[in-house]
Amino acid sequence: MSDTGDRRSRYCIIGAGPSGLAVARAFKNAGVPFDVLERHDGIGGIWDFSNPRTPMYDTAHFISSRTLSAFDGYPMPDHYPDYPGWREILAYIRGFADAHGLAEHVETGADVTRVVPEDGELWRVELATGEVRRYAGIVAAVGHDWLPNETVYPGQFTGESYHSVRYRLPSEFAGKRVLVVGGGNSGCDIASDAAVHAKHGFISLRRGYHFLPKHLFGKPTDVFFRSGPQPHARIAQPILSMLLRLVVGDLTRYGLRAPDHKPLESHPIVNSQLLHHLAHGNITPKVDVAGLDGRLVRFVDGSTEEVDLIVYATGYRREIPFLSGALGTDGAAPALWAHAFAPGHPTLFVAGHFDSDGGAYPLFCKQAELFAELARSAEARSRLGERMRSAAPDLTGGIRHIDSARHDVHVNTEAYGKFIVRLLREAR
């Protein structure tokens, strides 16, 4: 490996996607020296469709509205639709970088493979090229939708199959009987593509889920719910249940199972298309897969379907591989205090490593302001270290989430935002 010198006065921000750029702006405004290392060829993270490892697909849109999804102080253009697609989002992210002069700080094609503490005060950063750098601190801002969560079922499938991270265009479904396995927002989007473009589509869901429409009473759903008082979950959940009964109705009429949990107890599925296609017979709902036999898929209710292609929309692992040595995780998802801090490592910050029930970019900005203050002040880092000796905060907003790995990093937008702002006040 080649050692290219000492950057002990600088922070290394790893990732030039939305969270990394939010941190870069905050550091620049606070006068904290930094470099941004981006493994791909351009700015944008997962929203850059040309990135070979992106999970982006051509029909992807935000599931939160442009109104509530913008970076602080940088609203999305008025001509954008309520739910922008990836092209608009990529242009917006790059516009944000240009407006704040961030591109000059970004080094593309810099693939970080390993980050470990060195000499008690520095961080050793190793790149895929063999280059070694040393930094005063690290901000890992790589997100968590890169490493596919592979699912294995008994038997062998002789048709085509792949994880949704590989899916790009609806034309891939032409003339095929397509099964989408998984009921997250990506799975429902991809199943809707199959409903239109496949010979016939199927979607396999392990359980019943609540479906939130994208609009309520003429407004984006998140705007509608945040346009008035924000009641506690004990009040909000019954109100939402009543509204969904009125607006969406009985989901079992579509062949879906009734949800086994209250609204907001799982990551929200914000999708109006899938129910439309179910109602028109363009796609068939199925229960969980039991096994595979050639091109025949067996389901746990005893039914079978012959399919040509299976798309596994089964989510992603929450790992940060280049930090596994520093945190001793050995490939497991890191246990972070407040989804941002690693106890014992005061100059290591993790940005955007959470799921929220609303727009994430405003939360990225709040994290970024906090990281900038901590990077500037050893005293603030010491106070945070004392704070971290206490129990991890409850960031659910009083909502009891269903038991799944995904919900280990799920936060209530209001609760998390308020907590990060409280930490920022304490840091100052």
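**Student:** Summarise the side chain of Arg-168; cite the residues concerned and give the values.
**Tutor:** Tracing the chain through its elements places Arg-168 in the loop between β9 (160–163) and β10 (177–181). The charged side chain of Arg-168 is buried without a salt bridge, its nearest counter-charge being Glu-172 at 6.7 Å. A distance of 2.9 Å separates a polar side-chain atom of Arg-168 from the backbone oxygen of Val-165. Sequence-distant contacts of Arg-168, defined by excluding residues within four places in its chain, comprise Phe-49, Asn-51, Pro-52, Thr-54, Pro-55, Met-56, Tyr-57 and Asp-58.

**Student:** Quick rundown of the sheet that holds strand β18 (residues 296–299)? Include the residues and the values.
**Tutor:** Ordered by their spatial adjacency, four strands build an open sheet running β8-β17-β18-β19, and the pairing between neighbours is mixed. Two strands in the sheet have a free side with no partner beyond their single neighbour: β8 (155–157) and β19 (304–306). Within this sheet the neighbouring strands show an average axis-to-axis angle of 35°, counted without direction. Note: β8 against strand β17 (residues 289–294), three bridges, orientation parallel.

**Student:** Help me get a handle on the packing of aromatic side chains, residues and values and all.
**Tutor:** By the definition in use, this model includes 24 aromatic pairs. Their ring planes at 90° and their centres at 5.5 Å tell us that Tyr-11 and Phe-27 sit as a pair that is edge-to-face. Remark: Phe-27 occurs in helix α1 (residues 18–30) and Tyr-11 occurs in strand β1 (residues 2–14); sequence separation between them is 16 residues. Here Tyr-11 matches Phe-27 in class, with each residue buried. For the ring pair Tyr-153 and Tyr-312, a centre distance of 6.3 Å and an interplane angle of 25° mean the geometry is stacked. Of the two residues, Tyr-153 is situated in the loop between β7 (147–148) and β8 and Tyr-312 in strand β20 (residues 309–312); the sequence distance between them amounts to 159 residues.

**Student:** Just give me the short version of the sheet that holds β9, but keep the residues and values in it.
**Tutor:** Strand order in the open sheet formed by five strands is β9-β20-β10-β11-β16, and the pairing between neighbours is parallel. Among the strands making up the open sheet, the edge pair consists of β9 and β16 (283–286). Each adjacent strand pair in this sheet contributes to an overall mean axis angle of 20°, direction not counted.

**Student:** Describe the nonpolar core, and please don't skip the residues or the numbers.
**Tutor:** Generally speaking, nonpolar side chains in soluble globular proteins are found buried as a group. In this structure, Phe-27, Phe-173 and Phe-341 are the most contacted members of the largest nonpolar core, which totals 92 residues. The element best represented in this core is helix α8 (residues 361–376), accounting for ten residues. Not counting chain neighbours up to four residues away, the residues in contact with Phe-27 comprise Tyr-11, Ile-13, Val-32, Phe-34, Val-139, Phe-371, Ala-372 and Ala-375. Within the second largest apolar cluster, 20 residues are counted, among which are Val-112, Tyr-135, Ile-138 and Ala-326.

So, how was this worked out
- Residues numbered from 1 in each chain as written.
- Predicted model: local features only at pLDDT ≥ 70, side-chain atom pairs only at ≥ 80, totals over all residues.
- Heavy atoms only, no water.
- Helix = DSSP H or I, 4+ residues; strand = E, 2+ residues; numbered from the N terminus.
- Buried < 20%, exposed > 50% of the residue type's maximum accessible area, 1.4 Å probe, protein only.
- Lys, Arg positive; Asp, Glu negative; His and termini not counted.
- Salt bridge = Lys/Arg side-chain N within 4 Å of Asp/Glu carboxyl O.
- Polar contact = N/O pair within 3.5 Å; in protein donor to acceptor, adjacent residues only side chain to side chain.
- Contact = heavy atoms within 4.5 Å.
- Pairing = 2+ DSSP bridges.
- Axes fitted to C-alpha atoms, helices over the stretch in contact; angles between N-to-C directions.
- Phe/Tyr/Trp six-rings, centres within 6.5 Å; stacked < 30°, edge-to-face > 60°.
- Core = buried A, V, L, I, M, F, W, Y, C linked by side-chain atoms within 4.5 Å.

Spatial relationships are all this shows, so hold off on functional conclusions.
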